[in-house]
Amino acid sequence: MIHKDVIVVGGGIAGLTAALSLAHRGRDVLLIEKNEHCGGLMSSFERDGFRFEAGARALVNAGLVRPLIKEFDLDIEILPNPITLGVEDRLLRIDGEQSLHLYADVLKDLYPESKDEVDRIIQAIQKIIEDMKVFYGVDNPLFTKEKKNLLTVAPSVVARMIRSIRTMYRISRMNTPFEDHLDVLSANQSLKDLIGQHFFRRTPVFFALSYFALYNDYVYPKGGVGALMQRLVEAVEARGGGIRHNTEIRAVDAQNKLLTDSTGNEYQYSKLIWAADLKALYSMTSDESIAKHAVGTFRAWKQALLAHKGAESVFSVFLAADLPPEFFHEKASGHVFYTPNRRGLGTVHTTELQALLQRWDSVQKEELYEWLERFCRYNTFEISIPVLRDPDAAPPRKTGIVISTLFDYVLTSRIRARGWYAEFKEKMEELFIMTLSATIYPNLKDRVLFSFSASPWSIYERVGSSEGSIVGWSFEEKIPVVTSMFNMGSSVKTALPDVYAAGKWVYSPAGGPTAIMTGRIAAKRCK
Ligand SMILES: Cc1cc2nc3c(=O)[nH]c(=O)nc-3n(C[C@H](O)[C@H](O)[C@H](O)COP(=O)(O)OP(=O)(O)OC[C@H]3O[C@@H](n4cnc5c(N)ncnc54)[C@H](O)[C@@H]3O)c2cc1C
């Protein structure tokens, strides 16, 4: 049996951040990861000389990523990651805050009948950009090397705190679904779709409207997002921390502080940080392994968590094109949010999808394909072209592209159950490629060297994320974890003694930045 002071389960960005913080403090830490490589939803892979991101296409700095790199002396170059927003043939390269006004012009051009409504929406975004500056505009002073000299940082920490508290208060009141907020600002459904349809359904209004500020905050590590994860792995090991790959934890004995992996090996911990799926933690901890006085609380937490579902997932198409990077650069930058048709999704991904699922047993394949065609025609795509950010990401004069949209996990599971999965994936690849070929990248379809895809099911299988979710809980239901910035510190608590949680399930809304934050908070709790 292996005995460790702290064990971290899950080698995504949250687990790696936690393990590194602990190893840096000289703690005896072991990180256990089920896959061959760490990184989870932040990883890159190579096929035939083309590099692709399997998960997040880039990182939002959020005042956290650069300080993390600096604090732990990670040897990695951070490259710019310019964003383009596009609708039909209007493509706007985002270049600082002033681009918001150019974006307004694009919207007014597209919807001349809704000019006043565009102004109202842009004003709402502008207000939020001011709030975002408080959080993300400067590197978080608590995450830089200088923090060791308290006197140096104290004034900036205090000033930041005061501004942050005021802003947090305002933000905490902006948690209504953005669809409802947009209804107040505009009656033009297409305009509202265009602003909102690449967010999860019922995303809190602050999170959705704040995204314009984040477009200026994306960065791309040289070598890919996975290269940064690899530097984190190396940094953990360089500080004496252990990392065990290909090891899946299957059982937790909370009273005896024991973990068991899929081959029956046991690991004893003093403290545990669970940086993997939160439902899995509660499912694999048996009631018998909980002290009698704590069983009630444990069951209540378990029930609450298991009753809720994760947010929508993504469908991604990876393709290699026999076209030089310049072909794509002439159109847009290497990270694009593109809507091929101004009409917008309307009810395609909401009530129409629900209706399809409700009468699923009688749905014919042709009917599903007809729905998929409309889903792709009117949707918004995230397009990532690594070679436009890092010239080493593809063979000379060729280009790798990742194209994705949000996609429903339940629908994917039903398609699998009907035996249509392989054909469905091919259909989606064809639809994605045809849609972009007819719009932003003319004739792309004739230059595809190879393509393959990943569905919400792939995400579930690879990282064990419930419902294939990429950011934790669905916003369509009451969220069973901390959602207030005021309480982020307590988000890492669990119902198990000496067990803390970190990552995308513990605080909502989640994503890379909160995974880093909660990883650090959990590490701090392991005194
Ligand atoms: C396509 C895509 C685009 C995205 N874009 C953005 C973006 O623009 N901005 C943003 O902020 N976020 C984005 N995200 C979300 C972001 O990537 C994730 O929220 C974040 O990476 C989650 O990190 P994590 O460490 O919490 O979880 P994960 O990355 O899921 O890591 C969990 C780890 O635990 C391991 N594991 C699971 N179960 C076990 C077990 N039983 N035993 C051992 N190991 C186990 C898994 O293999 C995995 O490595 C995106 C995600 C995707 C997929």
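For the structure itself, consult the block above.
Values in this document were obtained by computation on a predicted structure and should not be read as measured data.

**Student:** Is there a simple way to explain the overall build of the protein in this structure?
**Tutor:** For the protein, the count of helices and strands is 19 helices and 19 strands. Expected size for 527 residues packed as a compact globule is a radius of gyration near 24 Å; at 23 Å, the protein falls within 12% of this value. When its C-alpha atoms are laid out on the principal axes, the protein stretches across 65 × 60 × 50 Å. Considering the protein as a whole, with its 527 residues, one finds that 49% of them fall into the buried category.

**Student:** Help me out: how do you make sense of the site of the ligand in this one?
**Tutor:** Lining the immediate environment of the ligand, one finds 38 residues, of which Gly-10, Gly-12, Gly-40, Gly-503 and Gly-511 sit closest. Broken down by secondary-structure element, the contributors of at least two residues to the shell around the ligand are helix 1 (13-24) and helix 19 (512-525). Each residue belonging to the shell around the ligand can be placed in one class, and the counts come to 19 nonpolar, 13 polar and six charged. Here the shell around the ligand gathers at least three residues from each of two domains, domain 1 (2-77 + 223-308 + 478-525) and domain 3 (310-463).

**Student:** How should unusual backbone geometry be read in this particular structure?
**Tutor:** Glycine aside, residues mostly have negative phi angles, and peptide bonds mostly take the trans form. Of note, the amide linkage connecting Ser-508 to Pro-509 takes the cis form, showing an omega dihedral of 0°. Phi is positive for Glu-467, close to 55°, though the residue is something other than glycine. Counting through the fold element by element, Glu-467 comes out in the loop between helix 18 (456-463) and strand 19 (499-501).

**Student:** Could you clarify how one ought to interpret the pairing of strand 2 (residues 29-32) in this entry?
**Tutor:** Here strand 2 shows two buried faces, one formed by Val-29 and Leu-31 and the other by Leu-30 and Ile-32. Bridging between strand 1 (residues 2-9) and strand 2 involves four bridges; their strand directions are parallel. In the strand pairing of strand 2, Val-6 is matched with Val-29. In this sheet, strand 10 (residues 242-244) lies alongside strand 2 in parallel orientation, the contact comprising three bridges. Within the sheet, the bridge partner assigned to Ile-32 lies in strand 10 and is Arg-244.

**Student:** Got a minute to help me understand the sheet that holds strand 5 (residues 59-60) in this structure?
**Tutor:** Across a sheet, paired strands are connected by hydrogen bonds in the backbone, their directions being either parallel or antiparallel. Pairing is antiparallel in the open sheet, where three strands are placed in the order 5-9-6. The sheet terminates laterally at strand 5 and strand 6 (78-80), the two strands that pair on one side only.

**Student:** Which parts of the structure should I look at to understand helix 19?
**Tutor:** Two residues of an α-helix separated by three or four positions point the same way, owing to the 3.6 residues in each turn. Taking 1.5 Å as the rise per residue, helix 19 with 14 residues should run 20 Å; its terminal C-alpha atoms sit 20 Å apart, in good agreement. For helix 19, the buried fraction is high: 12 of the 14 residues fall into the buried class. Among the residues of helix 19, those classed as buried are Gly-512, Pro-513, Thr-514, Ala-515, Ile-516, Met-517, Thr-518, Gly-519, Arg-520, Ile-521, Ala-522 and Ala-523. In this structure, the buried side of helix 19 is in contact with helix 1, strand 5, helix 2 (65-71), strand 13 (266-274) and strand 19.

**Student:** Sorry, what's going on with helix 18 here?
**Tutor:** Listing the buried residues of helix 18 in full gives Pro-456, Ile-459, Tyr-460 and Val-463. Axial view of helix 18: buried residues confined to an arc of 105°, hence all on one face. Tucked into the core, helix 18 has its buried residues touching strand 14 (313-321), strand 17 (399-407) and helix 16 (409-417).

**Student:** In this structure, what is going on with the environment of Glu-352? I would like to understand it.
**Tutor:** Note on placement: Glu-352 falls in helix 14 (residues 351-358). Its 15 C-beta neighbours within 10 Å are what place Glu-352 among the partly exposed residues. Note: C-alpha distance between Glu-352 and Phe-72 (280 residues apart in sequence) is 49 Å.

**Student:** What am I meant to see in the sheet that holds strand 17 here?
**Tutor:** The strand order across the open sheet formed by seven strands is 8-7-15-16-17-14-18, and the pairing between neighbours is mixed. Here the strands that pair on one side only, and so sit at the sheet edges, are strand 8 (90-93) and strand 18 (448-454). Sheet twist, expressed as the average angle between the axes of neighbouring strands with direction ignored, equals 20°. Examined bridge by bridge, strand 7 (residues 83-87) and strand 8 share four bridges and lie antiparallel to one another. Directly across from Leu-85, in strand 8, lies its bridge partner Leu-92. In the packing of helix 17 (residues 421-437) onto the sheet, the strands contacted are strand 14, strand 17 and strand 18, and the crossing angle to strand 18 comes to about 125°.

**Student:** Help me understand the packing of helix 15 (residues 365-378) against helix 17, please; the structure alone is not making it clear to me.
**Tutor:** The relative placement of two packed helices comes down to the angle between their axes together with the axis-to-axis distance. Their axes nearest at 10 Å, the elements helix 15 and helix 17 cross at an angle of 35°. As helix 15 runs across helix 17, the sense of the crossing is right-handed. Contacts from Tyr-369, Leu-372, Glu-373, Cys-376 and Arg-377 of helix 15 reach helix 17 at Lys-427, Met-428, Leu-431, Phe-432 and Thr-435. For the contact of helix 15 with helix 17, a count of residues per class yields six nonpolar, one polar and three charged.

**Student:** Can you help me understand the environment of Ser-190 in this one?
**Tutor:** Within the secondary structure, Ser-190 sits in helix 7 (residues 189-196). For Ser-190, a count of 20 C-beta atoms within 10 Å translates into the label buried. With 188 residues separating them along the chain, Ser-190 and Tyr-378 place their C-alpha atoms 9.9 Å apart. Those residues in contact with Ser-190 that lie beyond four places of it in its chain are Tyr-111, Arg-342, Arg-343 and Gly-344.

**Student:** When you look at the pairing of strand 3 (residues 44-47) in this model, what are you seeing that I'm missing?
**Tutor:** With four bridges connecting them, strand 3 and strand 4 (residues 50-53) associate as antiparallel partners. Its bridge partner being in strand 4, Phe-45 is matched across the sheet by Phe-52. With antiparallel pairing between neighbouring strands as the criterion, strand 3 and strand 4 make up a hairpin whose turn holds two residues, including Asp-48 at a positive phi of roughly 50°.

**Student:** Quick question: what am I supposed to make of the packing of helix 1 against helix 19 here?
**Tutor:** Contact geometry for helix 1 and helix 19: axes closest at 8 Å, N-to-C directions at 35°. The two elements helix 1 and helix 19 cross, and the hand of that crossing is right-handed. Counted together, Ile-13, Ala-14, Gly-15, Thr-17, Ala-18, Ser-21 and Leu-22 of helix 1 and Gly-512, Ala-515, Ile-516, Thr-518, Gly-519, Arg-520, Ala-522 and Ala-523 of helix 19 form the full contact between these two elements.

Conventions used here
Residues numbered from 1 in each chain as written. Predicted model: local features only at pLDDT ≥ 70, side-chain atom pairs only at ≥ 80, totals over all residues. Helix = DSSP H or I, 4+ residues; strand = E, 2+ residues; numbered from the N terminus. Rg over C-alpha atoms; globule rule 2.2 N^0.38 Å. Buried ≥ 20, exposed ≤ 12 C-beta atoms within 10 Å, placed from the backbone. Near = placed C-beta within 6 Å. Nonpolar A, V, L, I, M, F, W, Y, C, P; charged D, E, K, R; others polar. Domains from an automatic or database assignment. Pairing = 2+ DSSP bridges. Expected span 1.5 Å × (residues − 1). Contact = placed C-beta atoms within 7 Å. Arc of directions from axis to C-beta. Axes fitted to C-alpha atoms, helices over the stretch in contact; angles between N-to-C directions. Left-handed = near helix turned anticlockwise from the far one by under 90°.

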